[in-house]
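Structural overview
Listed here are the chains, written in short residue letters.
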Amino acid sequence: MNRSLADTTLTGLPPLADSGARVLLLGSMPGAVSLHQQQYYAHPRNLFWPIMANLAGFNADLPYTEKTQALINSGVALWDVIGSCQRSGSLDSAIRDEQVNDFAGFFRCHPELAAIGFNGAKAWQSFKRYVLPLQIVPQHVCFITLPSTSPAHAAMSFDAKLAQWQQLRVYLRS
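Of note, Gln 38 is a non-glycine position whose phi angle comes to about 55°, a positive value. Residue class for Gln 38 comes out partly exposed when judged on its relative accessible area of 48%.

Taken as a whole, the second largest pocket spans an internal volume of roughly 180 Å³. If you trace the second largest pocket, you find 15 residues lining it, with Tyr 41, Ala 42, His 43, Trp 49 and Lys 67 closest to the centre. Going through the elements one at a time, helix H2 (48-56) and helix H3 (64-73) are the ones with two or more residues in the lining of the second largest pocket. Here the lining of the second largest pocket is composed, by residue class, of ten nonpolar, three polar and two charged.

What follows covers helix H6 (residues 158-165). Every buried residue of H6 is accounted for by Lys 161, Leu 162 and Trp 165. The arc that holds every buried residue of H6, seen down its axis, measures 100°, which confines them to one face.

Running from N to C, H2 and H6 point in directions that differ by 50°, and their axes come no closer than 10 Å. With respect to H6, the element H2 is oriented oblique. Taken as a pair, H2 and H6 cross one another with a handedness that is right-handed. From H2, Phe 48, Pro 50, Ile 51, Met 52, Asn 54 and Leu 55 reach across to H6, where they touch Phe 158, Lys 161, Leu 162 and Trp 165. For the contact of H2 with H6, a count of residues per class yields eight nonpolar, one polar and one charged.

One finds Met 52, Ile 116 and Phe 127 to be the most contacted residues of the largest nonpolar core, which totals 45 residues. The greatest single-element share of this core, amounting to six residues, is contributed by H2. Setting aside residues no more than four positions away along its own chain, Ile 116 makes contact with Leu 24, Leu 26, Phe 107, Phe 127, Val 137, Val 141, Cys 142, Phe 143 and Ile 144.

To continue, consider the pattern of salt bridges. Per the stated rule, a full pass over the model turns up three salt bridges. Linking Asp 18 and Arg 173 is a salt bridge whose minimum nitrogen-to-oxygen distance equals 3.9 Å. Of this pair, Asp 18 sits in the loop between strand E1 (9-11) and strand E2 (23-27) while Arg 173 is found in the segment after H6, placing the two residues 155 residues apart along the sequence. Arg 173 gets classed as partly exposed once you look at its relative accessible area, which sits at 30%. Glu 98 is the partner of Lys 122 in a salt bridge, and the nearest nitrogen-oxygen pair spans 3.2 Å. Of this pair, Lys 122 sits in helix H5 (residues 121-131) while Glu 98 is found in strand E5 (residues 96-100), placing the two residues 24 residues apart along the sequence. Here the two residues Lys 122 and Glu 98 agree in accessibility, since each one is buried.

About the thresholds
- Residues numbered from 1 in each chain as written.
- Predicted model: local features only at pLDDT ≥ 70, side-chain atom pairs only at ≥ 80, totals over all residues.
- Heavy atoms only, no water.
- Buried < 20%, exposed > 50% of the residue type's maximum accessible area, 1.4 Å probe, protein only.
- 1 Å grid on protein atoms, 1.4 Å probe; cavity = no way out; pocket = protein on both sides within 12 Å on 5 of 7 lines; lining within 4 Å.
- Points joined across faces, edges and corners; volume = space filled by probe spheres on them.
- Helix = DSSP H or I, 4+ residues; strand = E, 2+ residues; numbered from the N terminus.
- Nonpolar A, V, L, I, M, F, W, Y, C, P; charged D, E, K, R; others polar.
- Arc of directions from axis to C-beta.
- Axes fitted to C-alpha atoms, helices over the stretch in contact; angles between N-to-C directions.
- Parallel < 35°, antiparallel > 145°, perpendicular 65-115°, else oblique.
- Left-handed = near helix turned anticlockwise from the far one by under 90°.
- Contact = heavy atoms within 4.5 Å.
- Core = buried A, V, L, I, M, F, W, Y, C linked by side-chain atoms within 4.5 Å.
- Salt bridge = Lys/Arg side-chain N within 4 Å of Asp/Glu carboxyl O.

Here it is in structure tokens:
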């Protein structure tokens, strides 16, 4: 029996963090390229790495393992709100039957967390819908909604996105 991509349950990537993370950056669910490569923000036109390289002071062209280590060294953790879902393609609008990640466990293991940044509207909407009602988010944690770095959100320029992402600088380790 053939199954279409729409019938396939996708599973996201594990969190990328150390115990001293100060800011958690959340996407909605990795796109097809990222899932295939098992790397956060792997699509070549996604602006995530150039933006974070600018903020954290590393070269966006570094190999993936070096970029992720630079983020961790800066106090940044990466993850997604959605741990699994059904989706055909990579668009957030195609996500169905989402299941969220284990945020209670994440918050227990990351006591220095001071802020959560949401990479796009879908990440924030899913977090509000599924995580906030659980009342597990530490009270001192700030929420920062950010414009999506996805190539699907091309209406905003790199400079305009970078200007809004600058809000994260205060939480980064030097």
